[in-house]
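Secondary and tertiary structure notes
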Amino acid sequence: MTDRNTSDLLIQVAMRAEALPIIHLLSLKPIGRMDPNLPSELWQGIVHGHRISLVTNGCDPEFDCDRIGTESAAIVAFLALRITRPKLIFNAGTCGGFTSQGATIGDIYMPTRFLFHDQRVALPKFDAFAKGEKTTADFPKIRSATNAKHGTCSTGSSLDTTVDEMAFFAAESVTCKDMEAAAIVRVARDFQTPFIALKAVTDLVDHRQVVQESFLTNLKFATSRLADAVDHAARVFSAV
């Protein structure tokens, strides 16, 4: 990878199924792997006058599935930020929403507060580090362009939810649950790069429907909504 891979905007997406609608809508071209030892893939293009890079975590060669979760999110964020050196990083992806917070399937969230809900270390200072609470700047023009809701995003590496985690969500007024945002925020902060998350709701965490069934049923609709939101955000990127 050379300086030609530097970008104005970096979009990080965990799953290929989440990324493909964005890739097609923005007409991004495949570049290949960012590192020969990792399956993460890079696409690039000029969109609305900006050089945009999109990176996915890639397919795990052993288990033949997307490398989801916080570990891969942090590794790929580090590599992509170092290579593309963007002015802004988007984490675009799907999430679980909460009926108690007014969420419906396909809603777009642009949270500005991020936490981990499955990292618990009951030691002084380490407890706050594990929770990982961070706030990010709001970008009103992007929020308006995407019609995104405000809120708090909580990150963990499991699709399902425990009773204790449900209590955590209620106590922290969590509005969306995902598997990568808080990890990427931490790396973006290290690189002193502004961060935005755009999340589309595929399932309702506090609803009776089985989460994996809802996720698969609503994935196509949610990712279509997500691609539109990313496109609208890219259009006003120069104004932020």
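Heads up: these notes are all about the structure in this document. (Residues numbered from 1 in each chain as written. Predicted model: local features only at pLDDT ≥ 70, side-chain atom pairs only at ≥ 80, totals over all residues. Heavy atoms only, no water.)

1. Side note on the packing of helix H1 (residues 16-26) against helix H7 (residues 211-235)
At their nearest, the axes of H1 and H7 sit 8 Å apart, and the two run at 45° to each other. Put simply, H1 runs oblique to H7. Helix-helix and strand crossings are classified by hand; for H1 and H7 the assignment is right-handed. Contacts between H1 and H7 pair Ala17, Glu18, Pro21, Ile22, Leu25 and Leu26 from the former with Leu219, Thr223, Leu226, Ala227, Asp228, Val230 and Asp231 from the latter. (Axes fitted to C-alpha atoms, helices over the stretch in contact; angles between N-to-C directions. Helix = DSSP H or I, 4+ residues; strand = E, 2+ residues; numbered from the N terminus. Parallel < 35°, antiparallel > 145°, perpendicular 65-115°, else oblique. Left-handed = near helix turned anticlockwise from the far one by under 90°. Contact = heavy atoms within 4.5 Å.)

2. Examining the packing of aromatic side chains
By the definition in use, this model includes four aromatic pairs. Seen from their ring centres, Phe114 and Phe195 are 5.4 Å apart, and the 85° between their planes marks the pair as edge-to-face. Residue Phe114 is located in strand E7 (residues 113-116), and its partner Phe195 is located in strand E11 (residues 195-204); the two are separated by 81 residues in the primary sequence. By relative accessible area, which is 1% here, Phe114 ends up buried. Ring centres of Phe168 and Phe169 lie 6.3 Å apart, and the angle between their planes is 75°; on these two criteria the pair is classed as edge-to-face. Judged on exposure class, the residue Phe168 and its partner Phe169 are both buried. A network of ring pairs unites the aromatic residues Phe98, Phe168 and Phe169 as a single cluster. (Phe/Tyr/Trp six-rings, centres within 6.5 Å; stacked < 30°, edge-to-face > 60°. Buried < 20%, exposed > 50% of the residue type's maximum accessible area, 1.4 Å probe, protein only.)

3. Some words on unusual backbone geometry
For His48, which is not glycine, the phi torsion reads 50° and is therefore positive. Of note in this structure, Lys125 is not a glycine but carries a positive phi near 70°. Structurally, the position occupied by Lys125 is in the loop between E7 and helix H3 (126-131). According to the relative accessible area criterion, Lys125 is exposed, its value standing at 75%.

4. Details of H1
Within the span of H1, buried status applies to Glu18, Ala19, Ile22, Ile23 and Leu26. All buried residues of H1 fall inside an arc of 125° around its axis, so they share one side. For H1, the secondary structure elements touched by its buried residues are strand E1 (9-13), strand E3 (41-47), strand E4 (50-56), strand E5 (88-97) and H7. Residue Ser27 follows H1 closely and has a positive phi angle near 55°. (Arc of directions from axis to C-beta.)

5. Concerning the pattern of salt bridges
Under the definition given, this model contains twelve salt bridges. A salt bridge links Glu133 to Lys131, with the nearest nitrogen and oxygen atoms 3.8 Å apart. Through salt bridges that share partners, Arg113, Lys131, Glu133 and Glu172 make up one connected network. (Salt bridge = Lys/Arg side-chain N within 4 Å of Asp/Glu carboxyl O.)

6. Considerations on the nonpolar core
Within the largest apolar cluster, 31 residues are counted, with the highest numbers of intra-cluster contacts made by Ile11, Ile22, Leu54, Phe90 and Leu198. Listed by contribution, the elements that provide at least two residues to this core are E1, H1, E3, E4, E5, E11 and H7. Per-element tally for this core: the top contributor is H7, with seven residues. Excluding its chain neighbours within four sequence positions, the residues that come into contact with Ile22 are Val13, Leu54, Ala92, Leu226, Ala227 and Val230. (Core = buried A, V, L, I, M, F, W, Y, C linked by side-chain atoms within 4.5 Å.)

7. Here we look at the pairing of E1
Within E1, five of the five residues are buried, which leaves the element mostly enclosed by the surrounding structure. Here E1 shows no split at all, with Leu9, Ile11 and Val13 on one side and Leu10 and Gln12 on the other all buried. Relative to E4, E1 is paired through five bridges, and the arrangement is parallel. Residue pairing in the sheet places Leu10 in a bridge with Ser53 of E4. Relative to E5, E1 runs parallel, the two being bridged by four bridges. Its bridge partner being in E5, Leu9 is matched across the sheet by Leu88. (Pairing = 2+ DSSP bridges.)

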